[in-house]
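Each chain, written out:
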Amino acid sequence: MASEGTLYLVATPIGNLEDITLRAIRVLKEADLVAAEDTRTSGVLLSHFEIHTPVTSYHEFNKLEKADYLVEQMLSGKTVACITDAGTPGISDPGEELVRKCVEEGIPVYSVPGPAACITAVTSSGLSCRRFSFEAFLPKDKRERQRVLDEIKDDTRTIIIYEAPHHLKKTLTELAGVLGGDRRLVLCRELTKRFEEKQQMTFSEAIDFYNENEPRGEYVLVIEGKSKEEQQAERQQAFSEMTLEEHMALYTAKGMSEKDAMKAVARDLGTNKREIYRRLKVNE
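Described in the following lines is the structure provided in the data block. The structure presented is a predicted model; accordingly, all values stated were derived computationally and were not measured.

The rules behind the values
Residues numbered from 1 in each chain as written. Predicted model: local features only at pLDDT ≥ 70, side-chain atom pairs only at ≥ 80, totals over all residues. Heavy atoms only, no water. Helix = DSSP H or I, 4+ residues; strand = E, 2+ residues; numbered from the N terminus. Rg over C-alpha atoms; globule rule 2.2 N^0.38 Å. Buried < 20%, exposed > 50% of the residue type's maximum accessible area, 1.4 Å probe, protein only. Contact = heavy atoms within 4.5 Å. Phe/Tyr/Trp six-rings, centres within 6.5 Å; stacked < 30°, edge-to-face > 60°. Pairing = 2+ DSSP bridges. Axes fitted to C-alpha atoms, helices over the stretch in contact; angles between N-to-C directions.

Considering the overall build of the protein chain
Argument step 1. Looking only at helices and strands, the protein chain has 12 helices and 10 strands in total.
Argument step 2. Relative to the compact-globule value of 19 Å for 284 residues, the protein chain shows a C-alpha radius of gyration of 26 Å, a clear excess of over 25%.
Argument step 3. Seen through its C-alpha atoms, the protein chain measures out along the principal axes to roughly 85 × 50 × 35 Å.
Argument step 4. The burial tally for the protein chain puts 42% of its 284 residues in the buried class.
Argument step 5. Looking at the protein chain alone, contacts between residues at least 24 apart form 68% of all its contacts between residues at least 6 apart.

Take a look at the structure:
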């Protein structure tokens, strides 16, 4: 353990206590102070592993003033271990604010890796995990929420969203309106626990299912990105509603020569430059 004041971000199990690492246990035992999102929840974990380090609360509603206190402790040479209710600190919890303040003060920050619900969900979903975007909980502010929804509408990456059970049905309906009822997703709940559940279905199927079955537990939604075929179909639909002259103007307005613009239009329409030239001449 470093002799100077240090912050450790310690990942804790998201369900199954056996998922904690040996390093996480050692760091929690050797720290001067544990900053926990919920002292009652963390108390169960700490008691199970016989960790007797002093604990203080650090959560969404005291994150500003408590972060200042924790930074003071570290500047005086103490080691602080930050833990969340479950998973990796800094992901959808106030740990991010504490890290920012530590970096500003030059306090070393180390992450003790371990469980994260988003990674556990996407890697076991059956959807592509080569490229994915993590949106956590959608913003509560209507304008900001709409901005995020607009951004993910055409995202080709797998999308990961967290949701609470009492908001799930509303969120599924919102997402279906933006992404389409036929878009596939995997709804994950109780990850790593005894009754772990993953359901792969479309948004329409999910809405129907949860209209008849009350959501229970925290959810991770792993959503299929927009396919290249769907993108191309939408582009061709948009182009088909233009005149050929309007389509050409899209490219010539960007400084393309007429010859290059005809090539681009032909590519958009799935034909060849000679056919575009012929149609333009007919229209003259």
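Considerations on the packing of aromatic side chains
Argument step 1. All told, the structure shown has 5 aromatic pairs when counted by the stated rule.
Argument step 2. Among the aromatic residues, those joined into a cluster by ring pairs are Phe134, Phe137 and Tyr162.

Some thoughts on the sheet that holds strand 6 (residues 132-137)
Argument step 1. The 5 strands are arranged 6-7-10-8-9 in an open sheet whose pairing can be described as mixed. Looking along the sheet, the strands with just one partner apiece sit at the ends: strand 6 and strand 9 (197-202). Across the sheet, the mean angle from the axis of one strand to that of its neighbour is 20°, orientation sign disregarded.
Argument step 2. Sheet topology places strand 8 (residues 184-189) next to strand 9; 6 bridges connect them, and they run antiparallel. By the bridge assignment for strand 9, leucine 185 is matched with methionine 201.
Argument step 3. Sheet strands in contact with helix 7 (residues 168-179) are strand 7 (158-163), strand 8 and strand 10 (219-223), and its direction is about 10° off that of strand 10.
Argument step 4. Across the face of the sheet, helix 8 (residues 203-212) comes into contact with strand 8, strand 9 and strand 10 while running at roughly 120° to strand 9.

Some words on the sheet that holds strand 1 (residues 6-10)
Argument step 1. Reading across from one edge, 3-2-4-1-5 is the order of the 5 strands in this open sheet, with parallel pairing throughout. Edge positions in the open sheet fall to strand 3 (55-57) and strand 5 (109-112), since each of these has one partner strand only. Averaged over all pairs of adjacent strands, the angle between their axes in this sheet comes to 25°, without regard to strand direction.
Argument step 2. Note that strand 2 (residues 33-36) and strand 4 (residues 79-83) share 4 bridges and pair parallel. Residue pairing for strand 4: alanine 36 is matched across the bridge by isoleucine 83.
Argument step 3. Contacting strand 1, strand 2, strand 4 and strand 5, helix 1 (residues 22-30) crosses the sheet at an angle of about 140° to strand 1.
Argument step 4. Along the sheet, helix 2 (residues 39-48) contacts strand 2, strand 3 and strand 4; its crossing angle with strand 3, the most-contacted strand, is approximately 155°.

Focus on the environment of threonine 156
Argument step 1. Tracing the backbone shows threonine 156 in the loop between helix 6 (142-152) and strand 7.
Argument step 2. For threonine 156, a relative accessible area of 27% translates into the label partly exposed.
Argument step 3. Distance from threonine 156 to leucine 46, taken between C-alpha atoms, is 41 Å for residues 110 residues apart in sequence.
Argument step 4. If we ignore the near neighbours within four places in the chain, the residues touching threonine 156 are Arg131, Gly225, Lys226, Lys228 and Gln231.

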